[in-house]
Amino acid sequence: MTMTMTMTMTMTMTAPYKTPQPARRGNATSERATAIKRGYKARLRRGDLLETIVYFSVAIVLALFLADGGATYFINIKDVATGLGIVTGLIGSDLLLIMLVLAARVPAIDRTFGHDKALALHRKLGKPVLYLILAHMLLLMIGYGIAQGLNPVAEAIDMIANQQDMSIAFIATGLLIAVVVTSLVIVRRKLSYEFWYIVHLLSYAAILLALPHQFTQGMMFADGTWARWYWMALYVGSLAAITIFRVIIPVASSLRHDLRVSQVVVEAPGVVSVTMSGRDLDALRAQGGQFFQWRFWAPNMWLDAHPYSLSAHPDGRSLRITVRDLGKGSGKLLSLKPGTRVSFEGPYGLFTEEARTTNKAVFVGAGIGITPIRALLEASDLAPHEATVILRGSDTTDVYLWQETYDLCVEKSASLRVLVGHRPRGVNTWLSAEAYGQGESLLTLAPKIKESDLYICGPTPWTELVIRDAKRLGLKDHQIHAERFDF
């Protein structure tokens, strides 16, 4: 049965099972279930520990402030504004460093929360940090102004003109404002990734520019205090994490594995698979479903680094991505030549087998989102009949890597459903018009979904609709896995 015949005859279909395979022994299934449960509980414990560290760091900041005489600011009403200004500055600085660590791609954070959730929390902290820093400046101008008999504007001018390192501290605040503004969704969508990335490098500049005034004007690094050593350790540790995991390890890994393009295959109009070969690729411990930041050292391409998921589970000898021409970066991949050197960061993401919480899985992919689903299916350790795959495309040409996915479903005795066609007009659904008209749903397409993990990959609005339906069926958050790569 060919792809064309199957998909034009019916909008949904089920892959035929292979000759029945021997069922797994009961103890093997039990061991697998125990391992899944153990892994899930371990992630919960790591998550609780990391969250506790965040709250504890803020508590330490306040405790050190009080231990070094901070309480005296709240005895006299004239000093309250100054005291509050110092507190907001301390908490804001602490949370700013936590923000940077969340974006540093530290493996422990990535394996616990997933890349997208870590970045979501990073962005969520942006506005509170900015408000705290602005409150820090305003309250100190008010407090110092009260002490000197100056209005806040005059005090700000006096601080810039007469206090050491305050001028660059004001510049640092301006840079931080630029970073937060460009992180707003409505602004970010209008910016190119490259411009956004350059602007966000300013956050590191803001921290470095703010450091001098903390030595000369603030309590954070006052001689003879525990706070001095705490803050030094916090700054050094945060900047070290960024340097190690965003610079040193990626460069060293790229040099060690000497990755080069070995094959370029056009899968469909505007869709290309790039296979790369290198040394000791097993050491990467990459898994189907994960992604890398790729940089191809070819003319007019080496300045661009973009996140692309693996479209095949790594075999220890090569890595493969499948990319659709959706922009200037992806479009250039069609012209790649074998032998091109490749540097990378990763692997990243928790869209893997390690995220499983049950013995069953449902994989739902749309368009180019099918490719990581295909890789994840290949990597999965599922018993026969434990997996259901649902593929979605506007037409048959949008169901990428169809034959490979079909073959994997046959090999693993997994149910495969393919929904082709546009969505019905006036209906907020992820289903095709024909499937919707026939009364199809997540439950009819995957009858065991309530006792399964659900993996979803596709355009963000479409993904949200699948998640909405899954939650209406009663699936818990820990059962739903939908990692996003938006910056």
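Now for a description of the structure that goes with this document. The residue numbering used here restarts from 1 in each chain and proceeds along that chain's sequence as written. Reporting in this predicted model follows two pLDDT cut-offs: at least 70 for local features of residues, and 80 or more for side-chain atom pairs to be given and counted; totals over whole chains, interfaces and linings ignore these cut-offs and use all residues. Excluded from the side-chain calculation are hydrogens and water; included are all heavy atoms of the structure.

Observations regarding the sheet that holds strand β5 (residues 318-324)
Thinking step 1. Here a strand pair is declared whenever DSSP counts at least two bridges between the two strands. Each helix is a run of H or I in the DSSP string that is no shorter than four residues. Each strand is a run of E no shorter than two, and both are numbered from the N terminus. Read across the open sheet, the 3 strands follow the order β1-β2-β5; overall the sheet is antiparallel. Each edge of the open sheet carries a strand with a single partner, namely β1 (260-268) and β5. The average angle at which neighbouring strand axes cross in this sheet is 20°, direction not considered.
Thinking step 2. With 7 bridges joining them, strand β2 (residues 271-277) and β5 adopt antiparallel strand pairing. Within the sheet, the bridge partner assigned to V271 lies in β5 and is R324. For helices, the axis comes from a line fit to the C-alpha atoms of the stretch in contact; other axes are also lines fit to C-alpha atoms, and the angle between any two N-to-C directions lies between 0 and 180 degrees.

With respect to the packing of aromatic side chains
Thinking step 1. The criterion for an aromatic pair is that two Phe, Tyr or Trp rings (for Trp, the six-membered ring) have centres within 6.5 Å, with stacked assigned to planes under 30 degrees apart, edge-to-face to planes over 60 apart and tilted to the rest. In this structure the tally under the stated criterion is 12 aromatic pairs.
Thinking step 2. Cluster of aromatic residues (ring-pair linked, three or more members): Y230, W231 and Y235.

Re the nonpolar core
Thinking step 1. Take the buried Ala, Val, Leu, Ile, Met, Phe, Trp, Tyr and Cys residues and link them wherever side-chain atoms come within 4.5 Å; each set so joined is a nonpolar core. We call a residue buried when its accessible area falls under 20% of the maximum for its residue type, exposed when it is over 50%, and partly exposed in between, using a 1.4 Å probe and counting protein chains only. Core analysis: the largest hydrophobic core is formed by 34 residues, its most contacted members being V129 and W231.
Thinking step 2. Of all elements in the fold, only α2 (26-67), α3 (80-102), α5 (115-148), α7 (166-183), α9 (193-216) and α10 (226-257) reach the threshold of two or more residues within this core.
Thinking step 3. The leading source of residues in this core is α3, at 11 residues.
Thinking step 4. The next biggest cluster of nonpolar side chains, apart from the first, holds 24 residues, and it includes A355, I373, L377 and L408.

Side note on α10
An α-helix turns once every 3.6 residues. As a result, residues three or four positions apart point the same way.
Thinking step 1. Multiplying one less than the number of residues by 1.5 Å gives the expected span of a helix. Over its 32 residues, α10 extends 44 Å from the first C-alpha to the last, a length consistent with the 46 Å expected when each residue adds 1.5 Å.
Thinking step 2. By definition, a residue's bend is the angle between the axes fitted to the seven residues ending there and the seven starting there. In α10, a bend of some 40° at I244 exceeds every other bend along the element.
Thinking step 3. Note on α10: the residue one or two positions beyond its end, D258, has a positive phi of about 45°.

Quick word on the pattern of salt bridges
One side chain can pair with another of opposite charge once the charged atoms of both are near each other.
Thinking step 1. Put simply, a salt bridge is a Lys or Arg side-chain nitrogen that is within 4 Å of an Asp or Glu carboxyl oxygen. Taken as a whole and assessed by the stated rule, the structure comprises 14 salt bridges.
Thinking step 2. For D258, the salt bridge is made with R279, and the minimal N-O distance between the two is 3.5 Å. Here D258, found in the loop between α10 and β1, pairs with R279, found in the loop between β2 and β3 (291-296); they are 21 residues apart in sequence, far enough to count as distant.
Thinking step 3. By relative accessible area, which is 18% here, D258 ends up buried.
Thinking step 4. Taking the relative accessible area as the measure of exposure, R279 reaches 43% and is therefore partly exposed.
Thinking step 5. The residue R374 makes a salt bridge to E378 at a minimum N-O spacing of 2.4 Å. You can see R374 and its partner E378 sitting in helix α12 (residues 370-379), 4 residues apart, about one turn around the helix.
Thinking step 6. Overall, the relative accessible area of 29% leaves E378 in the partly exposed class.
Thinking step 7. Each member of the salt-bridge network shares a partner with another, and the members are D258, R260, R279 and R341.

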